[in-house]
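Residues per chain are reported as follows:
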Amino acid sequence: MKFLLKGGMVLDPQTGWEKEGDIRIAGGKITELGADLAGRDEDGEELIDVQGKIVAPGFIDLHVHLREPGGEAHETILTGCRAAAAGGFTTIAAMPNTSPCADNEGVLELVKVRAQKAGLVRVLPIGTISKGRAGQEIAEIGSLYRAGAAAVSDDGSCVANSEVMRRALEYTKIFGLPVISHSEDVTLSADGLMHEGAWSTLLGLRGIPAQAEEIMVARDILLAELTGGKLHLAHLSTAGSVALLRYARERGILVTAEATPHHLLLTDEEVRDYSTQTKVNPPLRSKADVEALREAVAEGLISCIATDHAPWSQEEKEQEYSKAPSGIVGLETAIPMVWDTLVVQGKMSPLELIARFTTGPAKVLGLAQGYLAVGQAADLTVIDPHLQKAVQASEFYSKGRNTPVDGRVFQGWPVMTIVGGKIVMREGKVKGDLVNNA
Ligand SMILES: [Zn+2]
């Protein structure tokens, strides 16, 4: 495939590039970047007009649950990759809480091979912190690293044992791997169902206090200081966590963090109709928490936006609130949700928002990605910043339709995803016939 993306607004947070330009792509790579490049249709080059669109480095989502192996009723690696391509992502990191979990090379290999076969987006498997995700004994992190783990995490569960977490932060330093923490004191969150506040009282649902998250965020920051390990905090949801992150940053402790689109947009008031689509862990928080998260993302204290894409089949979510599993699908709604909330509302510039999906996560995972350069693999995300459209969950490529924003209109949608010089999504349609031939 050879093509020329013509007339787009090219935005690259790495270089601060923010001007109209053309990008030539051939042999899977960016071969030319500049203004007014002449087309070469004699070479069989396709000219793609992207005037009025934003052309950015390929978006990276470092927190995705693909469910395979073991949870194929909810998602498979193929359907998850389709959802990622549809949502404008070129690279996703797969969380290891599958069944069996990715505490061994075999599962990591399976994820890599099936992702390769899907041939759509790049999938980076994450290994577990502990054996069997039981939190008792550290996994064979060296062999996970050699099998291609991009990070380690027991996400879905918190490593309650501080000694195990300390060892993980120490041991991963040898490999430069980040430890992604799901920070939750489960003795405090207990069987809570939503954020503890005025709404939980009104609705009569047991609450999860903000402190259930903050206690573990504080502990993990202190352990990062003790060990010098590379700590990444998943799905921060409270103003208190933001304050702790600020404290860590001021002390020079190595810690990064992410926020999800749903925590940046929605508050606990969403639960008022008892729709299980609003049930998520950590829960949707108060207005003040949402404001603090938005500010932290805008200033870059939180350097990544990650979806925590957590698909569930309809039957699972159709149970009563107390029984339904926690989780929201995010791959196909992430860009419009945050573009509308943060850019259209004037809280961030397009360039800053793009950084949270590119240079931010690339830095956490140590990837030579997330920027535009000649000779670089052609991973690109094209966004139409003016396109207004309603979310249609029934049309998702993901098997999961569990989203609380179904039917809501957002402005700013991805319209093209290019991975390694191949167009894997165009105008919202994912290429179904793209078998891996890279
Ligand atoms: Zn989690």
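Reading the values: the criteria
- Residues numbered from 1 in each chain as written.
- Predicted model: local features only at pLDDT ≥ 70, side-chain atom pairs only at ≥ 80, totals over all residues.
- Heavy atoms only, no water.
- Helix = DSSP H or I, 4+ residues; strand = E, 2+ residues; numbered from the N terminus.
- Rg over C-alpha atoms; globule rule 2.2 N^0.38 Å.
- Buried < 20%, exposed > 50% of the residue type's maximum accessible area, 1.4 Å probe, protein only.
- Donors = N, O, S within 2.8 Å, 3.2 Å for Na, K, Ca; no water.
- Core = buried A, V, L, I, M, F, W, Y, C linked by side-chain atoms within 4.5 Å.
- Contact = heavy atoms within 4.5 Å.
- Salt bridge = Lys/Arg side-chain N within 4 Å of Asp/Glu carboxyl O.

What to know about the overall build of the chain
Tallying secondary structure elements over the chain gives 14 helices and 19 strands in all. Whereas a compact globule of 438 residues would reach a radius of gyration of roughly 22 Å, the chain reaches 21 Å, a difference of no more than 12%. Reported as C-alpha extents along the three principal axes, the dimensions of the chain are approximately 65 × 45 × 45 Å. In the chain, buried positions account for 60% of the 438 residues.

Details of the coordination of the zinc ion
Taken together, Asp155 (OD), His182 (ND1) and His235 (NE2) make up the protein donors of the zinc ion, found 1.9 to 2.2 Å from the metal. Positions of the donor residues of the zinc ion, expressed as sequence spacing, correspond to D-x26-H-x52-H. Taken together, the positions of Asp155 in the loop between strand E9 (152-153) and helix H4 (162-171) and His182 in the loop between strand E10 (179-181) and helix H5 (186-189) put the pair 27 residues apart, joining distant regions of the chain. The class for Asp155 is buried, based on a relative accessible area of 2%. When its relative accessible area of 5% is taken as the criterion, His182 is described as buried.

Concerning the nonpolar core
Of all hydrophobic cores here, the largest spans 70 residues; its most connected members are Ile92, Val121, Val123, Ile302 and Leu353. The residues contacting Ile302, other than those within four sequence positions of it, are Val242, Leu245, Ala257, Glu258, Ala259, Leu293, Ala296, Val297 and Arg356.

Side note on helix H13 (residues 350-357)
Across the eight residues that make up H13, a large majority, six, are buried. Buried within H13 are the following residues: Leu351, Leu353, Ile354, Ala355, Arg356 and Phe357.

Regarding the environment of Glu214
Within the fold, Glu214 resides in helix H7 (residues 211-227). Judged by relative accessible area, which is 15%, Glu214 ranks as buried. In contact with Glu214, not counting residues within four places along its chain, are Thr238, Gly240, Ser241 and Leu244.

Description of the pattern of salt bridges
Scanning all chains against the criterion turns up 20 salt bridges. We note a salt bridge from Glu45 to Arg24, for which the minimum N-O separation is 2.6 Å. Of this pair, Glu45 sits in the loop between strand E3 (29-34) and strand E4 (46-49) while Arg24 sits in strand E2 (residues 17-26); the two residues are 21 residues apart in sequence, bridging distant segments of the chain. When its relative accessible area of 10% is taken as the criterion, Glu45 is described as buried. The buried category is assigned to Arg24, whose relative accessible area is 3%. Among the ionic pairs, Glu170 bridges to Arg167, the shortest N-O distance being 2.7 Å. Placement of the pair is Glu170 and Arg167 together in helix H4, with a separation of three residues, close to one helical turn. Residue class for Glu170 comes out partly exposed when judged on its relative accessible area of 26%. Residue Arg167 is classed as partly exposed on the basis of its relative accessible area of 37%. Each of Arg24, Glu32, Arg40 and Glu45 takes part in one network of salt bridges that share partners.

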